[in-house]
Amino acid sequence: MKIQEIAIGTICIPLVTPFRTALRTVDSISDLIVKITADDGSVGFGEAPPTAVITGDTKESIEAAIRGYLAPAVVGMELQDLDEMMRRMEKAIAKNTSAKAAMDIALYDLYAKLLGKPLYRVLAEGSSNGASTQNASCTGAELETDITISVDETEKMVSDSLRAVADGFGILKVKVGKGGEKDVERVRAIRQAVGPDVILRVDANQGWTKEEAIATIRAMEDAGLGIELVEQPVSYHDFHGLQSVTMAVDTPILADESVFSYEDAQRIIEEHAADLINIKLMKTGGIHQALRICDLAERYQVKCMVGCMLESKVSVSAGVHLAAARSCITMADLDGPSLCAEDPYEGGPVYRGPKIFLNEESGIGITRVPVEFACVARA
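The present account deals with the structure reproduced in this document. (Residues numbered from 1 in each chain as written. Predicted model: local features only at pLDDT ≥ 70, side-chain atom pairs only at ≥ 80, totals over all residues. Heavy atoms only, no water.)

## Observations concerning the nonpolar core
The biggest cluster of nonpolar side chains holds 130 residues, and the ones touching the most others in it are I6, V34, I66, L172 and L322. At 10 residues, helix α3 (residues 97-115) tops the list of elements feeding residues into this core. If we ignore the near neighbours within four places in the chain, the residues touching I6 are V34, K35, I36, A71, V74, V75, M103, A374, C375, V376 and A377. Judged by nonpolar contacts, the second largest core, of five residues, contains L229, L276, M305 and M331. (Core = buried A, V, L, I, M, F, W, Y, C linked by side-chain atoms within 4.5 Å. Buried < 20%, exposed > 50% of the residue type's maximum accessible area, 1.4 Å probe, protein only. Helix = DSSP H or I, 4+ residues; strand = E, 2+ residues; numbered from the N terminus. Contact = heavy atoms within 4.5 Å.)

## Digging into the pattern of salt bridges
A complete count under the given rule lists 28 salt bridges for this structure. A salt bridge links E84 to R87, with the nearest nitrogen and oxygen atoms 2.7 Å apart. With E84 and R87 both in helix α2 (residues 82-92) and three residues apart, this pair spans about one turn of that helix. D160 serves as the salt-bridge partner of K156, at 2.9 Å between the closest nitrogen and oxygen. (Salt bridge = Lys/Arg side-chain N within 4 Å of Asp/Glu carboxyl O.)

## Looking at the packing of helix α1 (residues 59-74) against α3
Packing of α1 against α3 brings their axes to within 9 Å, and their N-to-C directions diverge by 50 degrees. Taken together, the axis directions place α1 and α3 in an arrangement best described as oblique. Here the hand of the crossing between α1 and α3 comes out right-handed. Here I62, A65, I66, L70, A71 and V74 of α1 come into contact with α3, specifically with S98, A99, K100, A102 and M103. Split by residue class, the contact of α1 with α3 holds nine nonpolar, one polar and one charged. (Axes fitted to C-alpha atoms, helices over the stretch in contact; angles between N-to-C directions. Parallel < 35°, antiparallel > 145°, perpendicular 65-115°, else oblique. Left-handed = near helix turned anticlockwise from the far one by under 90°. Nonpolar A, V, L, I, M, F, W, Y, C, P; charged D, E, K, R; others polar.)

## Quick look at unusual backbone geometry
Residues other than glycine seldom take positive phi values, yet Q232 does so here, at roughly 35 degrees. In this structure, Q232 sits in the loop between β9 (227-231) and α8 (239-248). On the basis of relative accessible area, Q232 is assigned to the buried category, the value being 0%. Even without a glycine there, the phi angle at Q301 is positive, about 55 degrees. As for its placement among the helices and strands, Q301 is situated in the loop between α11 (287-300) and β12 (304-307).

Shown next as structure tokens:
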């Protein structure tokens, strides 16, 4: 099976409510979709969100990377040469991880279709340790995701949290990072409102200094707020600050923006700069490199989360399949489709509140993407 054509288009989906973090505010998703067609007519889909404040990728740069470098590197190749295609894309252009992820996801989607299996089964079979789908957040072919509570005024965050719990969510990812004392107030109010049984994860999105992070997390600990973890408390490049926070508090620290590559993950693990790792396909450049991080985490017995940017169902479906395939992944932050006001796609994993049910159709399962595509490369 050869790669016959590569095309791109854009999907626009409004959000249920504005998405607010310490870094940005967003009202809708506007992502680039990749469609790769094989010579037998089979189709694979990928997706890339422009997240300039995190990955450095804009919609224009993603399109330029695919059109000028990544698509020409693999068009006409045999799909069985998946590893070689990944090597050629990595060599074709540095960084541009979101563009690489969109191509990578579409290629893995096609590859699983070639094998006639859902992607998560292909990824599990190909793992170095016979990876299991029996993760803490995955039973069989079912996952549980958290849902994001955007940073806002305390009353609004409490209201959003209560609405999420009423919708069946038992894990809330609370965005903070806009003032240490105010953040403690926000989380305390949410805990009081939702009760002791709801799991609270706190994500500062790099919003604190080292000193502020230590003081804020200790204040949450002293108040008995029962926080499961704190994600990326300091700036992504403040490695030693992250390490200092991890050593100074009892709450587990999850590294997110500090981990893009295998080398980043290796440093975090070997120097214990964080307790946990958040794998996002838009940071790693797709599934291929994410699997290397999973191999590393499994060797060191480090637990991981699979997360997403503001992505719709195409790329999040790939994250769902990865999460179901690897034993090191015990947490899922894959609420992108739940934040969207509509689901324009057909096929793929099914979202029912916090539960995600994996498809048994081949690939990631997406069968229809209502986008007008333009060809960028043809064999």
